[in-house]
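Listed below are the residues making up each chain.
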Amino acid sequence: KEAVQDNIRWFEGTEAIFISNTLWVGEEHPCITYGMRGMMNMSVEIRGPAKDLHSGNEGGVFSEPLADLTKLLASLVDSRSNVCVPGFYEDVKESCLDIAMQRLEDSNEFPLEGYRAYLGVKELTAGRTEEELLWARWCQPTLSVVDVRVGTAEDEDTAHYRFGPTRFSVIPRAAVGKVSVRF
């Protein structure tokens, strides 16, 4: 507030201010974002025994919540980042990138290798071309596992596996996974 008031002269004659907190396509040219994917968050909770159990005593004799949750979350997306939920891609509109790609064709504004390096990953699972990658980033629905926790909200103050030297021996009675869907 003070910075604006101290420099109000910067805004003389201004009729509108447009602010976008999104990313540019690359690093050189500014761009205007005219649409983004929506977002939906979900939690998946798997409960098992009535209480936390010791893995040395009870491990291997029942279906464990964290192992079951891990299997479930791993089944949602394949190794190429494709969502495996039946019907997930139904009603996805055709490419919305035609205009953007025309402008990017003759530029080096979005090189695949530069983007891979920026992310700090060995390889990209989506997009063999710039257009395919931008489609995956901007238009295609996605499902991302964003958090996994053991226990439930009501366990927070009483769960013994959250601290102490034996926490690696405890089979939690419940596990929660959080998923972010972009559409």
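Cut-offs applied
- Residues numbered from 1 in each chain as written.
- Predicted model: local features only at pLDDT ≥ 70, side-chain atom pairs only at ≥ 80, totals over all residues.
- Heavy atoms only, no water.
- Buried < 20%, exposed > 50% of the residue type's maximum accessible area, 1.4 Å probe, protein only.
- Helix = DSSP H or I, 4+ residues; strand = E, 2+ residues; numbered from the N terminus.
- Arc of directions from axis to C-beta.
- Contact = heavy atoms within 4.5 Å.
- Phe/Tyr/Trp six-rings, centres within 6.5 Å; stacked < 30°, edge-to-face > 60°.
- Salt bridge = Lys/Arg side-chain N within 4 Å of Asp/Glu carboxyl O.
- Patch = residues over 30% accessible without salt bridge, like charges linked within 9 Å, V, L, I, M, F, W, Y side chains within 5 Å.
- Areas by Shrake-Rupley, 256 points an atom, 1.4 Å probe, with all protein chains shown as cover.
- Lys, Arg positive; Asp, Glu negative; His and termini not counted.
- Charge placed at Lys NZ, Arg CZ, Asp CG, Glu CD.
- Pairing = 2+ DSSP bridges.
- Axes fitted to C-alpha atoms, helices over the stretch in contact; angles between N-to-C directions.

S.K.: Explain helix α6 (residues 130-138) here, please?
M.R.: Every buried residue belonging to α6 is among Leu-133, Leu-134 and Ala-136, and all of these are buried. The buried side chains of α6 occupy one side of the element, clustering within an arc of 160 degrees when seen end-on. Those residues of α6 hidden inside the fold are in contact with α4 (98-104), α5 (112-119) and β3 (142-150).

S.K.: Looking at this structure, I do not really get unusual backbone geometry. What am I missing?
M.R.: Of all residues except glycine, most have a negative phi; of all peptide bonds, most are trans. Within the chain, Ser-81 stands out as a residue other than glycine whose phi angle is a positive 70 degrees. Tracing the backbone shows Ser-81 in the loop between α3 (65-74) and α4. Residue Ser-81 is classed as partly exposed on the basis of its relative accessible area of 38%. The phi dihedral of Asp-91 falls on the positive side, at around 65 degrees, and the residue is not glycine. Along the polypeptide, Asp-91 turns up in the loop between α3 and α4.

S.K.: Can you walk me through the packing of aromatic side chains in this structure?
M.R.: How two aromatic rings sit relative to each other is set out by the distance from centre to centre and by the angle between their planes. Overall, the coordinates contain 2 aromatic pairs when judged by the stated rule. Consider the rings of Phe-88 and Tyr-89, whose centres lie 5.3 Å apart with planes at 90 degrees: the pair is edge-to-face. Between Tyr-115 and Tyr-118, the aromatic rings sit 6.5 Å apart at their centres with planes inclined by 25 degrees, giving stacked as the arrangement. Taken together, the residues Tyr-115 and Tyr-118, both in helix α5 and 3 residues apart, mark about one turn of the helix.

S.K.: Hey, could you run me through the environment of Val-4 in this one?
M.R.: Tracing the chain through its elements places Val-4 in helix α1 (residues 2-6). For Val-4, a relative accessible area of 41% gives the class partly exposed. Expressed as a C-alpha distance, the spacing of Val-4 and Ala-74, which sit 70 residues apart in the sequence, is 49 Å.

S.K.: Would you mind going over the pattern of salt bridges with me for this structure?
M.R.: A side chain of one charge can pair with a side chain of the opposite charge if their charged atoms are brought near each other. Going through the model one piece at a time under the given rule, you end up with 5 salt bridges. Its salt-bridge partner being Glu-45, residue Arg-47 comes within 2.3 Å of it at the nearest N-O pair. Taking the relative accessible area as the measure of exposure, Glu-45 reaches 39% and is therefore partly exposed. Salt-bridge contacts for Asp-68 lead to Lys-71; the nearest nitrogen and oxygen are separated by 3.9 Å.

S.K.: So what exactly am I meant to see when it comes to a negative patch on the surface here?
M.R.: Side chains of Asp-98, Glu-105, Asp-106, Glu-131 and Glu-132 sit close together on the surface and give a patch of like negative charge. Mapping Glu-105 onto the fold places it in the loop between α4 and α5.

S.K.: Could you clarify how one ought to interpret the sheet that holds strand β1 (residues 39-47) in this entry?
M.R.: For sheets, the rule is that strands pair by backbone hydrogen bonds, running either parallel or antiparallel. Here 3 strands make up an open sheet; going across it, the order is β1-β5-β3 and the pairing antiparallel. Strands at the two margins of the open sheet, each flanked by one partner only, are β1 and β3. For this sheet the average axis-to-axis angle between neighbouring strands, irrespective of direction, equals 20 degrees. As paired elements, β1 and strand β5 (residues 174-182) share 9 bridges and run antiparallel to each other. Note that in β5 the partner of Asn-41 across the bridge is Ser-180. Strands in contact with α3 are β1, β3 and β5; relative to β5, the strand with the most contacts, it is inclined by about 15 degrees.

Note that all results are geometric; they support no functional claim without further evidence.
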